[in-house]
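# Descriptive analysis of the structure
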Amino acid sequence: MSDPLKIAYSPCPNDTFVFHAWAHGKVPGAPELDVTFADIDITNGMAERGEGDILKVSYAVLPWVLEEYALLPCGGALGRGCGPLVLTKEPGEAKDLAGRTVAVPSERSTAYLLFRLWAADEVPGGVGEVKVLPFDEIMPAVRDGRVDAGLVIHEARFTYRNYGLSCLADMGEHWEHTTGLPIPLGAIIAKRSLGAERLRELAAAARESVRMAWDDTEASRAYVLEHAQEMDPAVADQHIGLYVNEFTADLGENGYAAVRGLLTRAAAEGLVPPLGRDALSFG
């Protein structure tokens, strides 16, 4: 019997919902998993160092890791109406950010790429200093005036008003309006050294784990809430509804177009290295 495959994904509800069945040995014939929970900035770093067999990472990190890892065509997060937000203390307009300080959770994230593409279009002269802060410190920093604006993701869409903040712009709306494509957020990658046959097995296991989660949504509830960091159960359900969708089951033509479109635009702005022609291919 082979050793369990080392997988790392976030404690966010969409990941625990998607991987519950597989992680608990409920997917027939699927390889056993050794699970580590880590926020996406940690898993991005793991991918860049070649640590882990299967990782949930930001699509933004792919140009640096696709030589060693293959993108699986399922299990990740793309969607519509779920983009990152730029928040400010007072209502304003995009031009108000010219030369201002903006807090972001990571510079190796899809959210950051979407923000920089938006700013290139909408902020005359560009923003000023970009300050990396832990995700949970961004909204308090904006509220307390330590930064002029903050880029937030995930459940902050539902909670930013609790901090008395205003949404200056929705990066997802800008992306969807300019491209017509879904927003690429989190990817599932696996070591190419596992071999083509094993990679296909992993993709099949991820797809079946998604299907099982949908077939019995209550089965994963305790696992989801255990790792949801005191998130309100209703917010956890909203989170799953937003980020687990048709693209989680299969990227499909539109999903791949979204990923390539994001990384091609970002490369044109000098934000990431250019992708090789077959870099996203699988199988």
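Structural data are supplied above this passage.
Our subject in this report is the structure included herewith. (Residues numbered from 1 in each chain as written. Predicted model: local features only at pLDDT ≥ 70, side-chain atom pairs only at ≥ 80, totals over all residues. Heavy atoms only, no water.)

Inspection of the secondary structure puts Thr 43 in helix α2 (residues 40-49). Given the relative accessible area of 0%, Thr 43 is considered buried. Beyond its immediate stretch of four places on either side in the chain, Thr 43 contacts Ala 8, Ala 38, Leu 55, Lys 56 and Val 57. (Helix = DSSP H or I, 4+ residues; strand = E, 2+ residues; numbered from the N terminus. Buried < 20%, exposed > 50% of the residue type's maximum accessible area, 1.4 Å probe, protein only. Contact = heavy atoms within 4.5 Å.)

Moving on, we come to helix α12 (residues 252-268). Over its 17 residues, α12 runs 24 Å from end to end, which matches the ideal 24 Å to within 8%, given 1.5 Å per residue. Burial in α12 covers these residues: Gly 255, Ala 258, Val 259, Gly 261, Leu 262, Leu 263 and Ala 266. Of the surrounding elements, those touching the buried residues of α12 are α3 (62-65), β5 (77-79), α4 (110-122), α7 (171-179), β11 (183-191) and α11 (246-249). A positive phi of about 75° marks Gly 270, the residue just after α12. (Expected span 1.5 Å × (residues − 1).)

On to the environment of Leu 114. Mapped onto the elements of the fold, Leu 114 is located in helix α4. Sequence separation between Leu 114 and Ala 267 is 153 residues, and the spatial gap between their C-alpha atoms is 12 Å. Those residues in contact with Leu 114 that sit more than four places away from it in its chain are Pro 84, Met 171, Trp 175, Ile 183 and Leu 262.

The values reported here are purely geometric and, on their own, carry no functional implication.
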